[in-house]
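Here's the letter readout for the chains.
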Amino acid sequence: MSAARRPESLESIALHALEAVRKAGATQADVLLVEGDDREVRVRGPEIEFVKQAQGRGLGIRALVAGAGGMRTSIVSTSDLAPQTVDRMAHEAVALAKATAPDPLAGLPESGFAGTLPDLALFDPADRDVPIAARIEEARRAEAAARGADPRITNSEGSQASSGSARVVYANSQGFVGEYESASHGLFSEPIAEDASGMQRDHWSTSAHRLRDLEDAAQVGRTSAARALRRLGAKRVATCEVPVLFDSRTAPSLVGQLASCANGYSIYRQSSFLEGRMGDAIASELVTLIDDGRLPGGLGSKPFDGEGLATRRNVLVQNGRLESWILDHYSARKLGLASTGSAARGTGSAPRAGTTNLWLEPRAKTLDELVAEIDRGLLVTELIGMGFNPTTGDYSRGAAGLWIEHGEIVHAVEEITIAGRMQDMLLAIDRVGSELVWHGRTASPPIRIASMVVAGS
């Protein structure tokens, strides 16, 4: 599963910690060790606003101690990996666990650990130790392209480039040891456009595991400028009920909110409107929602989850029908089910169910074709606020976008609110577009909802 152990290798440190916590009295235990290197720069005009570089290691130890009523659990973490510090933390973890309340369902998985660790294209060795100067140059290229796109681009909030890498080692008392390396690179630009109507801003970004997979820096700048320019002259519209089209930057928000309602923790706590709906048609037949932790090159891909279980492809919604929850081992046991290999964990936190690479399956038509089909409606390009209640499904968020009349965009829109119930919105999805663009770990093509309330003037 991992390279042969070397003195002071990350694996040897992790195994030392595991052995220490078991000797201290843990019935079961696991450890997570993460070594990271992050670099970030931002330029604004010709000036470099900041340069950041951070390197660090973090070790998390989870101790589980059996007793009357079930396992007692604690988690401790440290950035000091000296052997004596690790030994002390191991003893503290066991002492803390003994002071906690027992849980009959707590414990490590019994089986299902990743047997092989496939190459998921999570990093390129050629990108290792990318020079800060190279990232500054990319940020400057994006900034220059944005500012040079149009005389109405008068300023910017800056352009930013980042590169980071992480080596992850996980080991547990069930015999699993696994290690993988991942990298992430990004580029972001946010120009400001101005004319007689006022000032507007917008942004564009690109992210990838490998530098060569990033969108060209100049194109990032030009796209961000075009998005800012099209918002000039924005106005409010009268309150109405019309078709609402979410673009590929805003639709992922809906997808993520739906997935959060399918999280096992929300289900067993009865804090989701999907509770009790397994197997039901909860959305339009156009909706197929997938989470896949082994998608090659996926920004959320990893060969094993936060409990060492093999990650996999999970179909959450198939043609509108709810097919699966998102489960780690604990939430699965609470629901009498099996983990979906979806445990996420930090060095200082317990495992919890989460998504990896989450997306809505695309269909045939482009965004332009979907706009052309709308006689009167709204294209949403920005969402504001967090107005969603996962228990009731009530949805109300501030928005900005573009107004459509007779199949054409006629002006920008701002200071509006869109509202509905998620249950009704999902069933009212009558178009799903073709462009699936990954800006993060959640992606969606454009989505059209047949009718929503747009509250304006």
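Residues numbered from 1 in each chain as written. Predicted model: local features only at pLDDT ≥ 70, side-chain atom pairs only at ≥ 80, totals over all residues. Heavy atoms only, no water.

Visitor: Teacher, can you tell me more about the overall build of the protein chain here?
Guide: Helix and strand content of the protein chain: 9 helices and 20 strands. Taken against the 2.2 N^0.38 rule, which gives 23 Å for 457 residues, the C-alpha radius of gyration of the protein chain at 24 Å falls within 12% of a compact globule. With respect to the principal axes defined by its C-alpha atoms, the protein chain has extents near 70 × 55 × 35 Å. Scored against the burial criterion, the 457 residues of the protein chain give a buried share of 53%. Pairs at least 24 apart in sequence give 72% of the contacts found in the protein chain among residues at least 6 apart. On the protein chain, roughly 18,900 Å² of surface is accessible, and the fraction owed to carbon and sulfur atoms is 49%. Seen as two clouds, the 49 positive and the 58 negative side-chain charges of the protein chain have centres 4 Å apart. (Helix = DSSP H or I, 4+ residues; strand = E, 2+ residues; numbered from the N terminus. Rg over C-alpha atoms; globule rule 2.2 N^0.38 Å. Buried < 20%, exposed > 50% of the residue type's maximum accessible area, 1.4 Å probe, protein only. Contact = heavy atoms within 4.5 Å. Areas by Shrake-Rupley, 256 points an atom, 1.4 Å probe, with all protein chains shown as cover. Lys, Arg positive; Asp, Glu negative; His and termini not counted. Charge placed at Lys NZ, Arg CZ, Asp CG, Glu CD.)

Visitor: Looking at this structure, how should I read the sheet that holds strand 11 (residues 321–322)?
Guide: Paired through backbone hydrogen bonds, the strands of a sheet run either parallel or antiparallel to each other. Taken in spatial order, the 5 strands line up as 11-10-9-14-19 in an open sheet, and their pairing is mixed. If you trace the sheet from one side to the other, it starts and ends with strand 11 and strand 19 (442–443), each paired once. Relative to strand 11, strand 10 (residues 313–318) is paired through 2 bridges, and the arrangement is antiparallel. Bridge pairing links Gln318 to Arg321 in strand 11. (Pairing = 2+ DSSP bridges.)

Visitor: Explain the environment of Ala183 here, please?
Guide: Along the chain, Ala183 turns up in strand 5 (residues 177–195). A residue is classified by how much of its surface remains accessible, and Ala183, at 8% relative accessible area, is buried. Between the alpha carbons of Ala183 and Leu108 there is a distance of 28 Å; along the sequence they are 75 residues apart. Beyond its immediate chain neighbours, meaning those up to four positions away, Ala183 contacts Leu122, Phe123, Gly164, Ser165, Ala208 and His209.

Visitor: Looking at this model, I keep getting lost on the environment of Ser184. Mind explaining?
Guide: With respect to the helices, strands and loops of the structure, Ser184 is situated in strand 5. Excluding its chain neighbours within four sequence positions, the residues that come into contact with Ser184 are Ser162, Ser163, Gly164, Ala208 and His209.

Visitor: Teacher, can you tell me more about the nonpolar core here?
Guide: In globular proteins that are soluble, nonpolar side chains generally tend to be buried together. With 49 residues, the main nonpolar core has Phe246, Leu274, Leu378, Tyr395, Ile418 and Val454 as its most contacted residues. If sequence neighbours within four positions are ignored, Leu378 has contacts with Val242, Pro243, Val244, Leu245, Leu402, Trp403, Ile404, Val413, Ile416, Ile418 and Val454. Counting residues in each nonpolar core, the second largest holds 28 residues, with Ala26, Ala63, Val86 and Met89 among its members. (Core = buried A, V, L, I, M, F, W, Y, C linked by side-chain atoms within 4.5 Å.)

Visitor: Please explain the pairing of strand 17 (residues 408–421) as it appears in this structure.
Guide: Moving residue by residue along a regular strand, the side chains alternate between the two faces of the sheet. With 11 bridges joining them, strand 16 (residues 394–405) and strand 17 adopt antiparallel strand pairing. Of the residues in strand 17, the one forming a bridge with Ser396 is Ala419. Connecting strand 16 to the antiparallel partner strand 17 that follows it, the hairpin turn spans 2 residues, and His406 within it adopts a positive phi of roughly 50°. Pairing of strand 17 with strand 20 (residues 447–455) involves 3 bridges; the strand directions are antiparallel. Its bridge partner being in strand 20, Thr417 is matched across the sheet by Ala455.

Visitor: Sorry if this is basic, but what is going on with unusual backbone geometry here?
Guide: Excluding glycine, residues mostly carry a negative phi; peptide bonds, for their part, are mostly trans. Here the phi dihedral of Gln270 falls at roughly 55°; this positive angle occurs in a residue that is not glycine. With respect to the element layout, Gln270 can be found in the loop between helix 6 (264–268) and strand 9 (289–292). Gln270 gets classed as exposed once you look at its relative accessible area, which sits at 57%. Unusually for a residue other than glycine, His406 sits at a positive phi of about 50°. Within the element layout of this structure, His406 appears in the loop between strand 16 and strand 17.

Visitor: I tried to follow helix 4 (residues 217–229) on my own but got confused; where do I start?
Guide: Spacing of three or four residues puts side chains on the same side of an α-helix, whose turn is 3.6 residues. Counted at 1.5 Å a residue, the expected span for helix 4 with its 13 residues is 18 Å, and the 19 Å between its end C-alpha atoms agrees. Counting buried positions over the 13 residues of helix 4 gives 10, a clear majority of the element. Along helix 4, the residues that are buried comprise Ala217, Ala218, Val220, Gly221, Thr223, Ser224, Ala225, Arg227, Ala228 and Leu229. The N-capping residue of helix 4, defined by a side-chain oxygen 3.1 Å from the backbone nitrogen of Ala218, is Asp216. (Expected span 1.5 Å × (residues − 1). Polar contact = N/O pair within 3.5 Å; in protein donor to acceptor, adjacent residues only side chain to side chain.)

Visitor: How do you make sense of the packing of aromatic side chains when you look at a structure like this?
Guide: Aromatic ring pairs: the centre-centre distance and the angle between the two ring planes describe each pair. One pass over the structure, following the stated rule, counts 10 aromatic pairs. On the basis of an interplanar angle of 25° and a centroid distance of 6.4 Å, the ring pair of Tyr265 and Tyr330 is categorised as stacked. Here Tyr330 lies in helix 7 (residues 329–334) and Tyr265 lies in helix 6, a separation of 65 residues in the sequence. Here Tyr265 falls in the buried class, since its relative accessible area comes to 6%. Residue classification places Tyr330 among the partly exposed residues on the basis of a relative accessible area of 22%. Joined through ring pairs, the aromatic side chains of Phe113, Tyr170, Phe176, Tyr180 and Phe304 make up one cluster. We note Lys52 situated over the ring of Phe50; from NZ or CZ to the ring centre the distance is 4.7 Å. It is Arg249 that lies over the ring of Trp204; its NZ or CZ is 5.2 Å from the centre. (Phe/Tyr/Trp six-rings, centres within 6.5 Å; stacked < 30°, edge-to-face > 60°. Lys NZ or Arg CZ within 6 Å of the ring centre and 35° of its normal.)

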